[in-house]
Amino acid sequence: MKKVLTFLGYALVAIGVVVSAGALYIQYAFPNVDAAPALQINKTPALQARGEYLANHVTVCIDCHSTRDFSKFAGPVTPGTEGKGGDRFDHSMGFPGVFYARNITSDRETGIGAWTDGEVYRAITEGVSKDGEPLFPVMPFKSYSQMREQDLHAIITYIRSLAPIKNDIPKPDPDFPMNLILRTMPTKRVASAEPVLDDPVSKGKYLLTIAACSECHTPANKGKPIEGMYLAGGSEFKMPNGAVQRSANLTSDKETGIGSWTEEEFVNRFKQHDSPANTGQTVGPDDFNPIMPWAMYAGMTEEDLKAIYQFLRTVEPKNNRVVKFSPAPGKS
């Protein structure tokens, strides 16, 4: 019996050593990405205008990196807070730890004013900060990595133009083992083939990809998209008050998706929010209030919205009926 206990003791020590060595390896060997590229963008007014359009209405960087007023429908951005960061994602929303949207204004102390263009580029496309630390993928850097070089440069140019706002953001605090898993998530960018933007379906696919629509509208299991359920909806988003929102089915299924929608109906679904009157309504704390930033997406051009619609018409239909909202327990 004594020999058995001795053996078990040695075995436990050995396991502990292996686990510790593995944790140390992950801590210091990851993220496994290259150094930030030596990039200096020629920041023209045209490039800045393109970046402003993308960051506010397609990739919606300004959504998470600003203050949203959720006392109003769809949480429009509070004017004057663009880029200041601070949006909190924590356990009450189902996150494995506490994470914050960074300050992306040009403030040199609390924002990214001291970052190089290459460091901003690497953060957007590979999910690594200036100091080499991983960014939680609530920022969809894998989708952003598929952007055209010109569009990446445009967004960086626009971000650089944001007025500096001093807003010191707390450091993220991931739970164990997410603190280790997180380090393995950033990956080296592999440039995608240049999209054919004069073809509506190809353009729609590109816009939908860099808008990261599939991040919310494709259900996942333990962070991995469920095979065969591309854009079928049903992803759950827990609200701090206990309510649950679910993403819509965007496939061409006629019963549970958007297969019966006309192009005009699809465009109008966005454009109806393209005015303060339709995004400024007061919403109660327990009422359904979509986290999707409708006011921002409403700023997309009709041409771009039509292209997205044309691509969605090609997506395989999936019969997946979604209950979009479950109120907090005890509420109706």
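Structural data are supplied above this passage.
Rules behind the numbers
Residues numbered from 1 in each chain as written. Predicted model: local features only at pLDDT ≥ 70, side-chain atom pairs only at ≥ 80, totals over all residues. Heavy atoms only, no water. Pairing = 2+ DSSP bridges. Helix = DSSP H or I, 4+ residues; strand = E, 2+ residues; numbered from the N terminus. Contact = heavy atoms within 4.5 Å. Buried < 20%, exposed > 50% of the residue type's maximum accessible area, 1.4 Å probe, protein only.

A. The pairing of strand E2 (residues 97-100), seen in detail. Pairing between strand E1 (residues 88-89) and E2: two bridges, direction antiparallel. Bridge assignment links Phe89 to a residue of E2, and that residue is Phe99. The pairing of E2 with strand E3 (residues 173-174) spans two bridges and is classified as antiparallel. In the sheet register, Val98 faces E3, and the bridge partner there is Asp173.

B. Structural context of the environment of Ala328. As for its placement among the helices and strands, Ala328 is situated in the segment after strand E8 (325-326). Separated by 283 residues in the primary sequence, Ala328 and Pro45 place their C-alpha atoms 47 Å from one another. Excluding residues within four positions of it along the chain, Ala328 makes contact with Asn241, Gly242 and Ala243.

C. Expanded view of helix H8 (residues 200-210). Among the residues of H8, those classed as buried are Lys203, Gly204, Tyr206, Leu207, Leu208, Thr209 and Ile210. Directly beyond the C-terminal end of H8, a positive phi value near 60° is found at Ala212.

D. Local environment of unusual backbone geometry. A cis amide bond links Phe176 with the next residue in sequence, Pro177, at an omega value of 5°. With a phi angle near 65°, Ala74 is a residue other than glycine that sits in the positive phi range. Mapped onto the elements, Ala74 comes out in the loop between helix H3 (61-64) and E1. Judged by its relative accessible area of 2%, Ala74 falls in the buried class.

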